[in-house]
Amino acid sequence: MAKDFTTMEDSNRSCNHSIHEVSDPARRLVLGGGAMAALVPFLAPVACVSSIASLAGCAVPAGGAGPKLGFAGVVAGSADAVVVPAGYSATPIVPWGDPVGIAGQMPAFRDDAANSAAEQAVQMGMHHDGIHYYPLAGSTRGLLVMNHEYVDDGLLHPGGMLPWTAEKVAKSQAAHGVSVSEIALGAGGWQPVRPSPYARRFTATTPFAIGGPAAGHALMKTAADPDGRTVLGTFANCAAGMTPWGTFLSGEENFQDYFATADQPTAHERRYGLRRTAWYRWPEHDARFDAVRHPNEPNRFGWVVEIDPYDPASTPVKRTALGRAAHEGAWVAVTQAGRAVVYSGEDARFEYIYKFVSRERIRPAGEGMSAARANAELLDHGTLYVARFDADGRGRWLPLTHGQGPLTNANGFADPGEVVVKARQASDALGGTKMDRPEWLAIDAASRWVYCALTNNSARGSAGQPGVDGVNPRAGNVMGHIIRWREAGDFDGESFEWNHFVLAGDPANARPEARGDIRGDLFACPDGLAIDARGVLWIDTDMGPAAMHQGEFQRLGNNAMLACDPASGEVRRFLVGPVNCEITGAAWTPDGRTMFVNIQHPGEATRGRNDPAAPRRYSNWPDFRPDGRPRSATVVIRKDDGGLIGT
Ligand code: FEO
Ligand code: CA
Ligand code: CA
């Protein structure tokens, strides 16, 4: 089923490039040529005024007619280091535990991990994931907004998880969520700005408002929140999207792992993966995570949350109109009419890909009103769809609209709020396609292809599980694949064409399921995806720490970041991470000359997270102190000659 790279349909990008190039690659992901001119003024009232000129000026050149990939590829390797091509540097900044930069609250990280829960709440969280750069002064000063997906409690506390205490639960909760930190480019490179008035942490206890159909719904009400309109916290935040109105969208992914429920979970709990025992041992010291006592608390997680990093006083919001799922992240496209289309997958075996189309058009910033404020309710009203991929290379978006088709009161969907709280059940009823763990998406506004990484699904085709289908063609899919689709009409269309962009794996391997169409460097388990301003598709890998050291995976070395030219099909390895890390996230400054990449969980135990025998020494990146602990961190990538990243 895989499409041959040599015959891959080109994206006609070359003829459109001058129209679509904008200085901020994240902007390019979301703006079509017609929409760009309309949306640039939206950002004017926010604090990034100096970026507006460069946005309009299209500062990132297309790189000429030569090859898009100009660097010498890095070989696969297993060093405890970040390795980048000759002529590039990679410098770690803002690691877990460094102060985020709140004035008067900047405790230093302690090598023995002895910082308290209160200190952790004002420090960088653990396990950096989705990230975006929000300009304050173009490409020389800005905000890094990033997710801290989960924690390794074995590393987070002195003595690991033994004993397990209320203070450790509080610290674990404080190390989750999202951070906003300020950085600036000086003579010594990029450095944190501390203190900063923008510095902020969102943790598992930060108040969030609820927007959309589930706000105030009976399924969202708890003893502590009888109105069902305020939730404490966000966690399991994986990937992130940047909206054209200047906010940050973060997906609450594997929220089910934080709750414990009865020996016999309800059908609704089972459908969302709740179990008798929580993976994270929060319920032992925080009754909120005991779903027997607080059965609606799990319904308050699994949403896409929206944060305005430019307004430190803003209240973050859970956008329930986008559906409740193990959202990897959320990415925004804009229709010619100016509506927002938010794509999102859920990283779980045999779960779904969604899109949301806003009812209203994106509003411009107003007099004294930021674009974020002007669009404060944009994502609360619209239509949610689940994807059905048909074997003939076509597909349909099926609306999760209450009262239509099977989504009726008689079938257990009393109202629109119940449909979004039970989006998985609604998608089951509609016949959405059960996918091989959808991770990041990347929207190429120029070609209108939307890419999605399906990281792996070893259970595909096993006993009692769904078998192969057109879009998920490999049983026991251990190496994953990348698909892409293009809407019929605009991004809000209800049908599309799709194809396999690549089946990841080793083409030299005799195993049929590992035979891919890669031309160039090999990879497996694609996770992060991003398209830069020059049209290069960047791919982050997430091979599991157990699998990575076995069999055919060994030849791939540590997890890596690769660059792909979709036009030629060439894949070239750009970065190799330290031991047992995962590469997460990619963001650029508006000038395309600095890239930020996150290194998550260096030194993760092959036995998995939360190994009670802590600390471990599989890696001590990035500090390399003999008694230090490995720390997730952002790496700043620059070209020595100051050139565009990837050339
Ligand atoms: Fe959090 Fe799906 O990676
Ligand atoms: Ca991921
Ligand atoms: Ca992953």
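Thresholds applied
Throughout this document, residue positions are counted from 1 along each chain, in the order its sequence is written. Whichever chain is written first becomes A and whichever ligand is written first becomes 1, with later ones labelled in order. Predicted model: local features are reported for residues with pLDDT of at least 70 only, side-chain atom pairs are reported and counted for 80 or more only, and whole-chain, interface and lining totals are derived from all residues. For side-chain calculations, the full set of non-hydrogen atoms in the structure is used, while hydrogens and water are omitted. Water is not among the atoms examined, so metal sites may look incomplete; donors are the N, O and S atoms within 2.8 Å of the metal, or within 3.2 Å for Na, K and Ca. Every helix listed is a DSSP run of H or I at least four residues long, and every strand listed is a run of E at least two residues long, numbered separately from the N terminus. Buried means the residue's accessible area, taken with a 1.4 Å probe over protein chains only, is under 20% of the maximum for its type, while exposed means over 50%, and partly exposed covers the values in between. Whether two strands pair comes down to DSSP finding at least two bridges between them. A fitted line through C-alpha atoms represents every axis, and for helices the fit uses only the stretch in contact; the resulting angles, taken between N-to-C directions, go from 0 to 180 degrees. When checking whether two residues touch, look at their non-hydrogen atoms; a contact exists if any pair is within 4.5 Å. Nonpolar core, defined: a set of buried Ala, Val, Leu, Ile, Met, Phe, Trp, Tyr and Cys residues in which side-chain atoms within 4.5 Å join the residues together.

(A) View of the coordination of the calcium ion (ligand 2). Those protein atoms acting as donors to the calcium ion (ligand 2) are Glu 328 (OE), Glu 439 (OE), Asp 527 (OD) and Asp 527 (OD), and they sit at 2.3 to 2.6 Å. Here the donor residues for the calcium ion (ligand 2) map to a single chain with the spacing E-x110-E-x87-D. A separation of 3.7 Å is found between the calcium ion (ligand 2) and the calcium ion (ligand 3), which share Glu 439 as a coordinating residue. Here the residue Glu 328 occupies a position in the loop between strand S12 (317–319) and strand S13 (331–334), and Asp 527 occupies one in strand S25 (residues 526–531), the gap between them amounting to 199 residues.

(B) Representation of the coordination of the calcium ion (ligand 3) in the model. The protein atoms that coordinate the calcium ion (ligand 3) are Glu 439 (OE), Asp 527 (OD) and Asp 542 (OD), at distances spanning 2.2 to 2.4 Å. The sequence pattern describing where the donors of the calcium ion (ligand 3) fall on their chain is E-x87-D-x14-D. When its relative accessible area of 1% is taken as the criterion, Glu 439 is described as buried.

(C) Structural detail: the sheet that holds strand S7 (residues 207–211). Spatially, six strands are ordered S8-S7-S12-S11-S10-S9 in an open sheet, and the strand pairing comes out mixed. Edge strands, defined here as strands with exactly one partner in the open sheet, are strand S8 (230–232) and strand S9 (237–242). Adjacent strand axes in the sheet meet at a mean angle of 35° when their direction is disregarded. Relative to strand S11 (residues 304–307), strand S10 (residues 248–252) runs antiparallel, the two sharing four bridges. Within S11, the position partnered with Ser 250 by the bridge is Val 305.

(D) Expanded view of helix H11 (residues 423–430). Listed in full, the buried residues belonging to H11 are Ala 423, Arg 424, Gln 425, Ala 426 and Ser 427. Tucked inside the fold, the buried residues of H11 contact helix H8 (267–271), strand S15 (349–351), strand S16 (353–361), strand S17 (382–389) and helix H10 (416–421). Positioned one or two residues after H11, Gly 431 has a phi angle of 90°, which is positive.

(E) How the structure looks around the nonpolar core. Counting 61 residues, the largest nonpolar core has Phe 235, Tyr 258, Leu 379 and Leu 400 as the members making the most contacts within it. Of all the elements in the fold, those that place two or more residues in this core are helix H6 (153–156), S13, strand S14 (339–345), S16, S17, H10 and H11. Ranked by residue count, the leading element in this core is H10, at three residues. Residues in contact with Leu 379, not counting those within four places in the same chain, are Trp 245, Leu 249, Glu 306, Arg 319, Ala 321, Leu 322, Ala 340, Val 342 and Phe 356. The next biggest cluster of nonpolar side chains, apart from the first, holds 43 residues, and it includes Tyr 343, Leu 441, Trp 485 and Val 571.

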